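Listed below are the residues making up each chain.
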Amino acid sequence: MKNKILFYLAIISVLSINMYSQEARVAKAEKKYDNYAYVDAIKTYEKLANKGYKSADMFKKLGNAYYFNAKLEDAAKWYTELFTMETEIEPEYYYRYAQTLRSIGENKKADEIMIKFNAFAQNDDRGKLFMENRDYLSEIKANSGRYDIEPTSLSTPYSDYGTAIYLNKLVYASAKDTGSIQQRKHSWNNQYFTDLYTAELGDEMVLGKTAKFDKLVNTRFHESTAAFTKDGKTMYFTRNNFNKDKKGFDGNDITLIKIYKATFENNKWINITELSINSDNYSTAHPALSPDEKTLYFASDMPGTVGLSDIFKVAINEDGSLGNPVNLGNLINTAGRETFPYISADNELYFSSNGHPGLGGLDVFVSKINSEGNFNKVQNVGADINSPLDDFAYMIDSKSRLGFFSSNKDGGQGLDDIYRFLETRRLTCEQELFGKITDIETHEVLSDTKITVFDNMFNELGTTQSDKDGNYSLIVECDMKLYVRAEKMDYTTKEVKATTLDENGKTELNIELEKARCKVVVGDDLGKCFGITNIYFDFDKSDIRYEAAIDLEKILDVLIEYPAMKLDIRSHTDSRGSSKYNEALSDRRAKSTINWLIKNGVAKDRLTAKGYGEYKLINKCADGIECTEEEHQLNRRSEFIITDL
């Protein structure tokens, strides 16, 4: 039985002496055959790939299309094809490939790819974290020296912890006993159960006289960690699974802990009921209210927990009932233990964890809740608060920067002690990330573009949409490496790296998007939809090369999808060589192109072709004029002009 009790207490991290030390997709376009058509490039690329055509650029686009839509198994397929090609690949694709490999259980291969990623991107924190733990001690050191800390008169030789403000009083849990004749102890550790107590709260949070909390709340078992509404009429608190003199057990005959609610009426705390989020089969504990009192945060090992215990939130409805619990996610929660949440008035989540890099035991961490309700980077609050032992139950007044935390660090009076602090320097540094979203070709502003910001581990930090003028804005932390993703229907999703400045201020990041689908009309060049500027032939020949066939497959796919479409295929050369020879060569190439399409099923009456040689140059590079190779290349082009839809 002793082992069972120890296990239960370790899960939720406290309520006894040593429980703290355990711790775009592209939307399918409607086909239109009257005067224009939408061409889905990604769909075409996939058809080409399934036919056996290979192109690094094509595999990147296919992999990204699925990766950005969280379809990691599909992305793994196309990134695998990319990595089978003997071509140079940007480091970012190594990271994405490793992520997708893990999604299909190929962890060993993912590790090999991450080693290569780290070699190619030596300054990327993701690679460093894989190869070795981040040098988190230097970050903790930078965050230290910000507090003046002193012990309080609340500390006793017993366990004292977990503070909350209740009107002009401080409410806390203690294993001492100030009034009963018989003190109840655990048989397995000879320590007292905890009850709730109050202490008068004077100016600058100076503590005064203490007393036991309401006798209807305290029972002969554990009570601890309370949260109160600002009007003092509702409280949430932690208690053993014990209500109305009835003790509850899980399937192993262990009494877990639950969160209860009480209301203050006629100078008494009454209507003590357990919350709907409770269960006999898991623990819930350490309630904390959001500043608007519409959300309750708590710790639990309920189903959906990713670690030993996680922090959850649940909506408080207008009638007082609760919604469904929501796990705060892996930016906050780890495979370790997260517990004791507290939300400050300026929307900072403080919590304790032994999963995030710390000094040992439970450390206190903080993450800013941004305007979108997402969490910014998790930071260790520093060595002033944290120690090699357990530090927890942090709370702070956002105006005075005064607060309390609990710890079993060396030098205290008892098993757990309550400390008072003054924060002398703020940890949070904010940057406004802003910019404008435009069309890369037309420079038209793009409204309603979804902007998502990730940290360098691709944890989502926030999301917003551009306004009617194409502008967006998000609050992020200073000195952060970010990935900013822009998504809009009919445009190719784009992801841009950014680094915010290391002081409060603004960081500008403008993003230009390319259209993913082409809206074409009669007279347009269909080749521009796929970036086809030229169908390449071997020197002085008109045979269709492998690379040319890949591009012609794209044209073929569109002609099959739009059976009424007709094309005039035009081939052009530069001015070098005789004009007669250039005209003949371009004409042969144009006809070779049309014959390839006819051979692959396109009706002859839908196609016309002509070679124009050097007669329709698009720049100055005529005979006798010196030009660069790049300038001549502009004139060597193939056009697929739509003549009918």
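Everything that follows concerns the structure shown earlier in this document.
Remember, predicted model here, so these are calculated numbers, not experimental data.

(A) Seen up close, the sheet that holds strand β25 (residues 450-455). Strand order in the open sheet formed by four strands is β26-β25-β28-β29, with antiparallel pairing between adjacent strands. The two strands at the open ends of the sheet, each matched to only one other strand, are β26 (460-465) and β29 (494-499). Here the strands of the sheet are splayed against their neighbours by 20° on average, with no regard to which way each runs. As paired elements, β25 and strand β28 (residues 481-487) share six bridges and run antiparallel to each other. Of the residues in β28, the one forming a bridge with Lys-450 is Glu-487.

(B) Molecular detail of unusual backbone geometry. Backbone geometry places Thr-225, a non-glycine residue, at a positive phi of 35°. Topologically, Thr-225 is positioned in strand β7 (residues 223-228). With phi around 65°, Phe-458 is a residue other than glycine that occupies positive phi space. Among the structural elements, Phe-458 can be located in the loop between β25 and β26. A relative accessible area of 13% places Phe-458 in the buried class.

(C) Expanded view of the sheet that holds β7. With antiparallel pairing, four strands are arranged side by side in an open sheet as β7-β8-β11-β12. The open sheet has two edge strands with one neighbour each: β7 and β12 (268-274). Put simply, the sheet's adjacent strands are angled 30° from each other on average, direction ignored. The pairing of strand β11 (residues 257-265) with β12 spans five bridges and is classified as antiparallel.

(D) Main features of the packing of aromatic side chains. For the structure shown, the criterion picks out 29 aromatic pairs. Geometrically, the ring pair formed by Tyr-166 and Phe-228 is stacked, given 4.7 Å between the ring centres and 25° between the ring planes. With Tyr-166 in strand β3 (residues 160-166) and Phe-228 in strand β7, this pair connects stretches of sequence that are 62 residues apart. The pair formed by Tyr-166 and Phe-228 is uniform in burial state, with each residue classed as buried.

Thresholds, definitions, all that
Along each chain, numbering runs from 1 in the same order as the chain's sequence is written. Per-residue local features of the predicted model are confined to residues with pLDDT of at least 70, and side-chain atom pairs are confined, for both listing and counting, to 80 or more; whole-chain, interface and lining totals are unaffected and use all residues. As a rule here, side-chain values come from all non-hydrogen atoms in the structure, and water together with hydrogens is ignored. Any two strands with at least two DSSP bridges between them are considered paired. Every helix listed is a DSSP run of H or I at least four residues long, and every strand listed is a run of E at least two residues long, numbered separately from the N terminus. Axis angles are defined between N-to-C directions and span 0 to 180 degrees, where every axis is a line fitted to C-alpha atoms and, for a helix, only to the segment in contact. Working definition: with a 1.4 Å probe on protein chains only, accessible area under 20% of the residue-type maximum means buried, over 50% means exposed, and in between means partly exposed. Here a pair means two rings of Phe, Tyr or Trp (six-membered ring of Trp) with centres within 6.5 Å. Their orientation is stacked below 30 degrees between planes, edge-to-face above 60, and tilted elsewhere.

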